[in-house]
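Single-letter residue listing:
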Amino acid sequence: MQPDHDSAATSSWRVPIDIRHLPWVRRLAADYAYGFERLAPFFSGNPADLAAWRAAVARAQRHPREREGLVALLAAQQERREAPAAAREAAARLADPRAVAVVTGQQAGLFGGPLYTLLKAVTAIKVAAQVAGEVGAPAVPVFWIEAEDHDWNEVNACRVLDGEMRPQTVTLGTPLGAGEGPVASVRLDPAIFFAIDILRSALPETEFTTEVLEQLGRAYQPGFGMSEAFGRWLESVLGGLGLVVYDASDPAAKPLAASVFARELESPGESTRLALEAGQALVDLGYHAQVVPHADNVALFRLDGIRRPIHFREGRFVIGDHETVAAPALREEALSEPASFSPNVLLRPVVQDALFPTVCYVAGPNELAYLAQLKPIYERFGVPEPLFVPRATATLLDSAAARFLSRYGLGFELLPPGDEGALNRLLEAQLPPSVEEALREAGSTIDARMERLIEAVPSIDPTLERTARSALGRMQHDLRALHDKIIQAAKRKDETLRRQFGRTRALAFPDGQPQERAVGFVYFLNRYGPALVDRLREDLPIDMGTHWVLTV
């Protein structure tokens, strides 16, 4: 494991890891980076091909959209959230018919959610800059807040590490309506003050703690909705870099998507059928189908205080478990009252790219899997499918962990919890050479002398050969046992090494999970302050197929 910069300068320490060596990366994500030709039929183009980018930009520019309505909507949302000037200026650029969007998105997780949320947003910012520089099109990074899911447990907690690298979970409790209606409808109550206090007590105190928590407190206040608070927080961190935050749950946004909703209801079940066929094609190639909906599913939900699925059965729509609605009536409602509808996972990307001039979507590994099922749905709606760029993936280590890995030449891929083989090998390597040499010599001498004896004893008594071999086995066993005892003694003697290993593992894989999924990015902001975003924006590569281990 060799850093690509001087390891003594921990501020520039960076190590690439092939994602195919990481056990949590599924085959489809690995092949997307290293064998795209196998997956090419499921996507609109290879993001590693500059020609594909030029084609995607042209498609996004040609497709008619209500740019003025979109820009007015974004401006109204930004005004409510008091977005930074750079973000407002970026949103206004979308009125230019040449402008394209680089979109990413995530649920409105408490305090911004895990580190990968920040990595997604930073990737979108960096890709937008590349599109502008290499293709010459004005490109705007956009973060789509998905807040119409009703699963409160997916967004109401944030995990951080305390001063001992122990995971601590901060939860928001259950405000009025939480778990019943969409997350966007949940309003923060005074319990948010308690959650921020718990966060303060869990975070290690740094020179940035006061500023970060004050900034967080301005975003998360009683009366704000979860999506609004999430948007304010994200804008406070990245809005100055021109990130445009879009709240998809805004009722004022729904008229822009009304025609897509109505089209879905005109041929109910068609999107589901196309996704199922694409999923089966993936399975036939040895991949997996990420989305396997029931055949009568419509790719929409009905919103009326709660989010209810829509099915099409015997010529009528069935909403939730029992309510039936005539087909013409529901289609008319989609046009006249679009705020009463929400796209499901199959239709959400189509809605997104019908609204925005999307040239690419920055996706996580699991998103890539379901996006592979959507190409025929894009074609059905006549919406140009964008390119899909995997988000940057990274583990952030402090200088102490970086020095530990460099000093002992320990590979990052050996850190995930499992057996203690990596630690035992590390400790064994620290034994004085004379001890290992003496053990090897003893083993070789015993083997050689006993083999001579085993060859000689049959001439005296053939039955003694088995006894001699048994004696050799016992000697070898005793020598191995002695070796193990020496290793255990080394463990006890070198407690510092064990502690360094455990600390590095706890930082990289808290509770056995990859750091970017398990730790909220607020933890890293508290630790590194503004340098965190600067380091990611300037030095985190966005090349496909590589997981980066780096210091800030």
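The structure we're discussing is the one just above.
The shown structure was predicted, so the numbers you read here are calculated from the model rather than taken from an experiment.

J.: Explain the pattern of salt bridges here, please?
T.: Pairs may arise between side chains of opposite charge once their charged atoms sit close together. Counted under the stated rule, the structure contains 27 salt bridges. In this structure, glutamate 235 engages arginine 81 in a salt bridge whose closest nitrogen and oxygen atoms are separated by 2.9 Å. Here glutamate 235 is found in helix α9 (residues 226-238), whereas its partner arginine 81 is found in helix α4 (residues 67-81), with 154 residues between them in sequence. Between lysine 120 and glutamate 367 there is a salt bridge whose closest N-O contact spans 2.7 Å. In this pair, lysine 120 sits in helix α6 (residues 115-134) while glutamate 367 sits in helix α14 (residues 365-371), placing the two residues 247 residues apart along the sequence.

J.: What's the story with helix α3 (residues 50-62) in this structure? I'm lost.
T.: Think of an α-helix as turning once every 3.6 residues; residues three or four places apart then point the same way. Between its first and last C-alpha, α3 extends 19 Å over 13 residues, near the 18 Å set by a 1.5 Å rise per residue. Inspection of α3 places Ala52, Trp53, Ala56, Val57 and Ala60 among the buried residues, and these make up the whole buried set. One side of α3 carries all its buried residues, which in axial view fall inside an arc of 135°. The residue sitting at the N-terminus of α3 and contributing the capping side-chain oxygen is aspartate 49; that oxygen lies 3.0 Å from the backbone nitrogen of alanine 51.

J.: Looking at this structure, how should I read the packing of aromatic side chains?
T.: By convention here, two paired aromatic rings are described through the distance between centres and the angle between planes. Inspection of the entire model under this criterion finds 17 aromatic pairs. Ring plane angle 5° and centroid distance 6.1 Å describe the contact between tryptophan 233 and phenylalanine 521, whose orientation is recorded as stacked. Note that tryptophan 233 is positioned in helix α9 and phenylalanine 521 in helix α22 (residues 521-528), a separation of 288 residues in sequence. Since its relative accessible area comes to 0%, phenylalanine 521 is described here as buried. Consider the rings of phenylalanine 261 and phenylalanine 341, whose centres lie 6.3 Å apart with planes at 45°: the pair is tilted. Of this pair, phenylalanine 261 sits in helix α10 (residues 258-266) while phenylalanine 341 sits in strand β11 (residues 341-343), placing them 80 residues apart in sequence. Across the pair, phenylalanine 341 and phenylalanine 261 agree in class, each one buried. The structure contains a cluster of three or more aromatic residues connected by ring pairs, namely Tyr32, Phe36, Phe43 and Phe388. Positioned above the aromatic ring of tyrosine 34, the side-chain terminus of arginine 20 is 3.6 Å from the ring centre. The ring of phenylalanine 381 has arginine 263 sitting right over it, with the charged end atom 5.7 Å from the ring centre.

J.: Can you walk me through the environment of leucine 300 in this structure?
T.: Along the polypeptide, leucine 300 turns up in strand β7 (residues 297-303). Using a relative accessible area of 1% as the deciding quantity, one classes leucine 300 as buried. Measuring from C-alpha to C-alpha, the distance between leucine 300 and leucine 346 comes to 8.7 Å, with 46 residues separating the pair along the chain. Here leucine 300 is in contact with Phe261, Glu264, Leu265, Pro309, Ile310, Phe341, Ser342, Pro343, Asn344 and Leu347, once residues within four sequence places are set aside.

Criteria and cut-off values
Residues numbered from 1 in each chain as written. Predicted model: local features only at pLDDT ≥ 70, side-chain atom pairs only at ≥ 80, totals over all residues. Heavy atoms only, no water. Salt bridge = Lys/Arg side-chain N within 4 Å of Asp/Glu carboxyl O. Helix = DSSP H or I, 4+ residues; strand = E, 2+ residues; numbered from the N terminus. Expected span 1.5 Å × (residues − 1). Buried < 20%, exposed > 50% of the residue type's maximum accessible area, 1.4 Å probe, protein only. Arc of directions from axis to C-beta. Polar contact = N/O pair within 3.5 Å; in protein donor to acceptor, adjacent residues only side chain to side chain. Phe/Tyr/Trp six-rings, centres within 6.5 Å; stacked < 30°, edge-to-face > 60°. Lys NZ or Arg CZ within 6 Å of the ring centre and 35° of its normal. Contact = heavy atoms within 4.5 Å.

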